[in-house]
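Observations on the model geometry
As a plain string of letters, each chain reads:
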Amino acid sequence: IQKINNLWDFTSLEKLDLNNNCIEKIQGLDHLINLTWILSFNRIEKIEGLAALQKLEVLDLSNNRISVIENVDTLENITHFFIANNLIEELDNVLQLKKFKKLFTLNLSGNPVTKEDDYKVFIAAHMPNLTYLNYRVLDSAVKYQHVLEKMQQQELQRQKHEEAQRRQEAELKLHKDAFVESLNGSYLFNSLFQDDPEAETFRLIPEVAPLLRFENQMVELCVQLFEMDLTELQRRQTEVNSFCSDLDMVAADYQQKATQSKAELQQISDLDELDVKINQCNDEINQLCKSLMTLEFQLVSQIEKFDRNISDMVGNFSETVAGFVQFRDMEDSYHQKVKEIAVATLEKVAEGNLDEDLPDNVALFTEKDAVMDAVATSHDNHLLKISERETRLIQDKELKQNRTRISDIQRYTEHLKEQLEEL
C-alpha cells in the first residue's frame, strides 16, 4: 500500500495496523477519532495528520525515516510511543515529550540520539512518570539519583531565572516609558564617580570618605522623583492612546472611501466622467492628508502642554524637596570640601608631613595647579551627569516620534495617489 485512503467511514475503528507497506505520508485519518492504536512501519519522513486523534494511546512509528518529533501536541492521552530505528538526532527534540504526563513507555533505540552520553539520565530527569525506555525498566532514576536531582534543580533554577528576567524586562520597560529608569536607587550617585580617575584618587584620602555620606540623601530624593513620575505615566498613556484612536478612525474612514472610489472608478467607461471622478479622489486624498496632519499637530500641542506640565512638576518637586537643585548643591558642597582637603594635603606634602600609610598616588600631590585642575574637572563631570539625567527625565519620547509619524502620513498619501494613478 502506497497511500492511506478510503478509511473515512470507519469512525468506530480503534486499532489500525499498517505495518510493512510503502506509505510515505500520514493522511486520511481525520475521521477516525476513536483510534487508540496505530502501527506503521513504512517510509514516512514526517509526523503529521494526527491532530484529530485525541484518544490515541499507542503510537508506533518505528522503522521509518523520521528525523523530528513534531505535530503531536494534541495527543494528550498517549501512553506508549515507539519511534525506534528512525533518524532522531536532537535530545531537546525528544524532551518535548515531557508534556505528556500519561506517557509510560518510550522506545528510541536505533536513533542517533541514543549515542549521546547519559541520554537516559536526561530523559529520566525530565520525564519522571516514564517507566520503560527502550523496552527496559528505567532504572537510571535510582542509579543516577544525585545526577537527576541536580538536573531537576538546574531546570528549576533556569525557569526561575527566565521568569525573573521577564519581570525585570517588563519593569524596565515601564520605567523607560515613565523616563525614570535607574532612578530608584544609587545609580545616579554611582554614575558621578564612574570613569572619573581624579575622584577615585581623592576618595583614597581618609578625610574625603566621610563626605560621601550624601549618597543616602541623593538616593532618597531619586526615589521620590521616581515614584512621582510613575504615577504620571498613566495620564501620559491615556493622552497618546486617545490620539491613536482618533488617527485610526480617520484612516479607517478614508480607507473605506478609497475602496468605494476604486470600485466606482473601475465601472466608469466615459473618459470625461472618469477625469471628474479622479479629481474627486485626489481631493479626498488631500483632505485625508490634511486631517491626519491636523490630528498630528493637535497631538504635538497636547504633548507640548504636557511637557510643560512635567517641567512644572519637576520645578515644584525642586522647590519642595530640592530635587536636582539639591543634587547640585550636594555636589557643590562635596567639591568645596574636597578642594579644601586637597589644599591641605598639598601643604602636608610640601612640608613632608604626609601620613606614611597614604597610597603612593596621593603622595604625588606636588603641583598645586594640576591638583586644582583635577578637582575642578571632577566637579564639572559630576554636574554634567546630573544635568544629563535631568534632561532625560523631562523629555517626552512622543516628541521624537512626531517626525516619524508625519513621514508616515506623507508616504501613505503618496501610496494612495500611486494606486489612483495605476487605475
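Placed above this text is the structure.
Residues numbered from 1 in each chain as written. Predicted model: local features only at pLDDT ≥ 70, side-chain atom pairs only at ≥ 80, totals over all residues. Heavy atoms only, no water.

In this section: the layout of surface pockets. There is about 240 Å³ of room inside the second largest pocket. Elements supplying a minimum of two residues to the lining of the second largest pocket: helix H2 (119-126) and helix H4 (145-177). In terms of residue count, H4 provides more of the lining of the second largest pocket than any other element does, four residues in total. (1 Å grid on protein atoms, 1.4 Å probe; cavity = no way out; pocket = protein on both sides within 12 Å on 5 of 7 lines; lining within 4 Å. Points joined across faces, edges and corners; volume = space filled by probe spheres on them. Helix = DSSP H or I, 4+ residues; strand = E, 2+ residues; numbered from the N terminus.)

Inspection of the secondary structure assignment puts Asn86 in the loop between strand E4 (80-82) and helix H1 (91-95). A distance of 3.2 Å separates the side chain of Asn86 from the backbone oxygen of Ile83, its partner in a polar contact. (Polar contact = N/O pair within 3.5 Å; in protein donor to acceptor, adjacent residues only side chain to side chain.)

An order of E1-E2-E3-E4-E5-E6-E7 is seen for the seven strands of this open sheet, with the pairing classed as mixed. A single partner strand is all that each edge strand has here, and the edge strands are strand E1 (15-17) and strand E7 (136-137). Of the pairings in the sheet, the one linking E4 to strand E5 (residues 105-107) comprises three bridges and is parallel in character. Bridge pairing links Phe81 to Leu106 in E5. (Pairing = 2+ DSSP bridges.)

Turning our attention to unusual backbone geometry. Unlike most non-glycine residues, Asn6 shows phi in positive territory, near 60 degrees. You can see Asn6 is positioned in the segment before E1. At Asn85, a residue that is not glycine, the phi angle is positive and equals roughly 55 degrees. The topology assignment puts Asn85 in the loop between E4 and H1. When its relative accessible area of 40% is taken as the criterion, Asn85 is described as partly exposed. (Buried < 20%, exposed > 50% of the residue type's maximum accessible area, 1.4 Å probe, protein only.)

With that out of the way, let us pick up the side chain of Asn64. One can find Asn64 in the loop between strand E3 (58-60) and E4. Looking at Asn64, the relative accessible area reads 7%, which means it is buried. Polar contacts involving the side chain of Asn64 include one to the main-chain carbonyl oxygen of Leu61, which spans 2.8 Å. If sequence neighbours within four positions are ignored, Asn64 has contacts with Ser40, Phe41, Asn42, Arg43, Ile44, Asn85 and Asn86. (Contact = heavy atoms within 4.5 Å.)

A separate point is the pattern of salt bridges. Under the counting rule described, the total for this entry stands at four salt bridges. A salt bridge links Arg166 to Glu163; the shortest N-O distance between them is 2.7 Å. Here Glu163 and Arg166 lie together in helix H4, a separation of three residues that amounts to about one turn. Taken together, the salt bridges that share partners define one network made up of Glu163, Arg166 and Arg167. (Salt bridge = Lys/Arg side-chain N within 4 Å of Asp/Glu carboxyl O.)

Further remarks concern H2. The buried fraction of H2 amounts to six of the eight residues, a majority that puts the element mostly inside the structure. Burial in H2 covers these residues: Tyr119, Val121, Ile123, Ala124, Ala125 and His126.

Residues Phe104, Tyr132 and Val137 make up a contiguous nonpolar surface patch of roughly 260 Å² in combined accessible area. Summarising the element assignment, Tyr132 is placed in strand E6 (residues 132-133). (Patch = residues over 30% accessible without salt bridge, like charges linked within 9 Å, V, L, I, M, F, W, Y side chains within 5 Å. Areas by Shrake-Rupley, 256 points an atom, 1.4 Å probe, with all protein chains shown as cover.)

Before going further, it helps to examine the environment of Leu95. Tracing the backbone through its elements, the reader meets Leu95 in helix H1. In this structure Leu95 comes out as buried when scored by relative accessible area, which is 9%. Between the alpha carbons of Leu95 and Ile69 there is a distance of 9.8 Å; along the sequence they are 26 residues apart. If sequence neighbours within four positions are ignored, Leu95 has contacts with Phe122, Ile123, His126 and Met127.

The analysis is restricted to geometry; functional conclusions fall outside its scope.
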